[in-house]
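Fold and contact review
Each chain, written out:
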Amino acid sequence: RRGELPPSGWSSKWNEATRQAALVGAIEAAQMHVVYALRPRSDVFQESVGSTALQQAELDKLLRLHVSGKTKVPKQRSQEVVSWLLDEGASLEAICADTEFGIRAAAAAVLAGLGEGAGAKAAALLGSEDWRCRGTAAEALGRLGKAAA
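Rules behind the numbers
Residues numbered from 1 in each chain as written. Predicted model: local features only at pLDDT ≥ 70, side-chain atom pairs only at ≥ 80, totals over all residues. Heavy atoms only, no water. Salt bridge = Lys/Arg side-chain N within 4 Å of Asp/Glu carboxyl O. Helix = DSSP H or I, 4+ residues; strand = E, 2+ residues; numbered from the N terminus. Buried < 20%, exposed > 50% of the residue type's maximum accessible area, 1.4 Å probe, protein only. Expected span 1.5 Å × (residues − 1). Arc of directions from axis to C-beta. Polar contact = N/O pair within 3.5 Å; in protein donor to acceptor, adjacent residues only side chain to side chain. Core = buried A, V, L, I, M, F, W, Y, C linked by side-chain atoms within 4.5 Å. Contact = heavy atoms within 4.5 Å.

Moving on, we get to the pattern of salt bridges. Applying the stated rule across the entire model yields 10 salt bridges. With its nearest N and O atoms 3.1 Å apart, the salt bridge here joins Arg39 to Glu88. Within this pair, whereas Arg39 is found in the loop between helix H2 (32–38) and helix H3 (43–49), its partner Glu88 is found in helix H5 (residues 75–88), the two being separated by 49 residues in sequence. The exposure class of Arg39 is buried, given its relative accessible area of 12%.

Counted at 1.5 Å a residue, the expected span for helix H1 (residues 16–28) with its 13 residues is 18 Å, and the 18 Å between its end C-alpha atoms agrees. Within the sequence span of H1, burial applies to Arg19, Leu23, Val24, Ala26 and Ile27. The arc that holds the buried residues of H1, viewed along the axis, is 160°, so those residues lie on one side. Turned more than 90 degrees from where H1 packs its buried face, Ala17 and Ala21 sit exposed. The backbone nitrogen of Ala17 lies 3.1 Å from a side-chain oxygen of the residue at the head of H1, namely Asn15. Phi turns positive one or two residues past the end of H1, at Ala30, with a value near 55°.

Ile27, Leu63 and Leu85 are the most contacted members of the largest nonpolar core, which totals 35 residues. When contributions to this core are tallied by element, the ones reaching two or more residues are H1, H2, helix H4 (56–68), H5, helix H6 (92–96), helix H7 (101–112), helix H8 (118–125) and helix H9 (131–144). Element by element, the count of residues in this core is highest for H7, at six residues. Among all residues touching Leu63, those that are not within four sequence positions of it are Val82, Leu85, Leu86, Ala90, Ser91 and Ile95.

The quantities given are spatial measurements derived from coordinates; they are silent on function.
Okay, here's the thing in structure tokens:
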């Protein structure tokens, strides 16, 4: 049924595990229209569809996946997923402190590309206990240049 809303109550037929699996699958494939249907921004809509939230570890794992560039989705769609994951609470510090250099380099690019407030976020990460995170934050500040000041 193209162009029509699903029938009322469609989400009540799915159990929690099914909702979680569908959301993770949609995020992995960068199918944001599905992600927004399963996890709307509005609290009212979240309640009406029985939306499920992802655990911190799952958010961080998905963020790492999309930052790594190992997905088979276009970069622009991956960037939208990264933005959504950060809005949902995925940890920048986790990818900035990753043991894999390529992930940290990508994290610096993501951090530098956050737009307004990127400098403040990078500066806050300079206070991390993890040396990798501090190094990534410094790299991001270097990419931002004078704009970070």
